[in-house]
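So the chains spell out like this:
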Amino acid sequence: MTVDLIAYTQRVVPTSDKNPLDIVEEAASICYNSSMTDDYKIAKGCKASGHYSVLEHINFTFYVKDVSRALLAQISRHRHISMSCRSQRYCSEDGFKYVNPFTGEDADVFDNMMSDIDTDYQILKKYHNAKNEDARAVLPNACCTEFYITMNARALIEMSHLRLCSRAQKEIREMFTEMKREVAQVCPEVASWMVPSCEANPKYPFCPEGRGCCGRHPLLADVYKPIEKNKEVVDGNT
Ligand SMILES: Cc1cc2nc3c(=O)[nH]c(=O)nc-3n(C[C@H](O)[C@H](O)[C@H](O)COP(=O)(O)OP(=O)(O)OC[C@H]3O[C@@H](n4cnc5c(N)ncnc54)[C@H](O)[C@@H]3O)c2cc1C
């Protein structure tokens, strides 16, 4: 897997501050008729109070390569992203690369299966006149793809809450871990907010996963005892 941050929002008139949070700071300062601070106090305050829309002013674009089509199916469910990905209509997948999720002997078995599928794909095209777009029906979810993906900081943070959870699939978790590493080079604050949902509120970590809890943080029910006057609200939500 390759994950490269290739672009992020910058000012038209460059300043010495390359951190895109500087732009969030400026945009957010208008809300309070206040002046920008050097340490992004206003932007951080907005994040802490849930005023997340200010984070929509800055974008990040990544180039992602050698991930599976299974990962593509998952990431493309998020509606606040822009993507351009390798087409299986216009590109031939002869001798396709794939992501092998297994190890040891199981990995060898999987390699053989992929080789058989590659043969089937090429048979369809060579002997049955199949176009790429029809022959691809035989290709596996493991088939590698590549894409460019752009999203604003809010979408990136909120997707990370879901995809950095230990319940998310390993491959997509790894991709978000790499994205976080890349973002940390240019905007450490946004990277620090890219955490699993159990840590979205750092003062009060709790797991929203119920029985799927990994044990990293307690379940909400383990730390919160609903008081009697809230009983109706609690019952309505369960
Ligand atoms: C561990 C895990 C397992 C999953 N398993 C399945 C599965 O088995 N089957 C399956 O189909 N999907 C599955 N998904 C995908 C999941 O249902 C979502 O489609 C995906 O995570 C995108 O998240 P989202 O819809 O919250 O947010 P996004 O599309 O990223 O949007 C962000 C937020 O914007 C708001 N929003 C966006 N669009 C609307 C809208 N139309 N109306 C109202 N509010 C909106 C919501 O608040 C939403 O949370 C799984 C996801 C995870 C993380």
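Our structure's up above, just so we're on the same page.
Residues numbered from 1 in each chain as written. Predicted model: local features only at pLDDT ≥ 70, side-chain atom pairs only at ≥ 80, totals over all residues. Heavy atoms only, no water.

A.B. asks: Run through the pattern of salt bridges, naming residues and quoting values.
C.D. replies: Within the structure shown, the criterion is met by 13 salt bridges. A salt bridge links Lys 170 to Glu 174; its shortest N-O distance comes to 3.2 Å. Of this pair, Lys 170 and Glu 174 both sit in helix H7 (residues 170-186), four residues apart, which is roughly one turn of that helix. Given a relative accessible area of 55%, Lys 170 falls into the exposed group. The structure contains a network of salt bridges with shared partners spanning Arg 11, Asp 22 and Glu 26. (Salt bridge = Lys/Arg side-chain N within 4 Å of Asp/Glu carboxyl O. Helix = DSSP H or I, 4+ residues; strand = E, 2+ residues; numbered from the N terminus. Buried < 20%, exposed > 50% of the residue type's maximum accessible area, 1.4 Å probe, protein only.)

A.B. asks: Lay out the sheet that holds strand S2 (residues 59-68) with the relevant residues and their values.
C.D. replies: Taken together, the four strands give an open sheet; going across it, the order is S1-S2-S4-S3, and neighbouring strands pair in antiparallel fashion. Both edges of this open sheet fall to strand S1 (2-8) and strand S3 (81-85), since each of them pairs with a single strand only. Taken pair by pair, the neighbouring strands of this sheet meet at an average axis angle of 20 degrees, ignoring direction. Pairing of S1 with S2, which is carried by six bridges, proceeds in the antiparallel orientation. Bridge assignment links Tyr 8 to a residue of S2, and that residue is Phe 60. On the sheet, helix H6 (residues 153-163) packs against S2, S3 and strand S4 (144-152) and is oriented at approximately 120 degrees with respect to S4. Along the sheet face, H7 touches S1, S2 and S4 and points at about 40 degrees away from the line of S1. (Pairing = 2+ DSSP bridges. Axes fitted to C-alpha atoms, helices over the stretch in contact; angles between N-to-C directions. Contact = heavy atoms within 4.5 Å.)

A.B. asks: Any details on H7? Residues and values, ideally.
C.D. replies: Here H7 spans 25 Å end to end across 17 residues, near enough to the 24 Å set by a 1.5 Å rise per residue. Buried residues of H7: Glu 171, Ile 172, Met 175, Phe 176, Met 179, Val 183 and Val 186, and no others. Buried residues of H7 fall within an arc of 135 degrees about the axis and therefore sit on the same side. Within H7, the exposed residues directed more than 90 degrees away from the buried face are Lys 170 and Gln 185. As for H7, its buried residues are in contact with S1, S2, helix H3 (69-75), S4, H6 and helix H8 (188-193). (Expected span 1.5 Å × (residues − 1). Arc of directions from axis to C-beta.)

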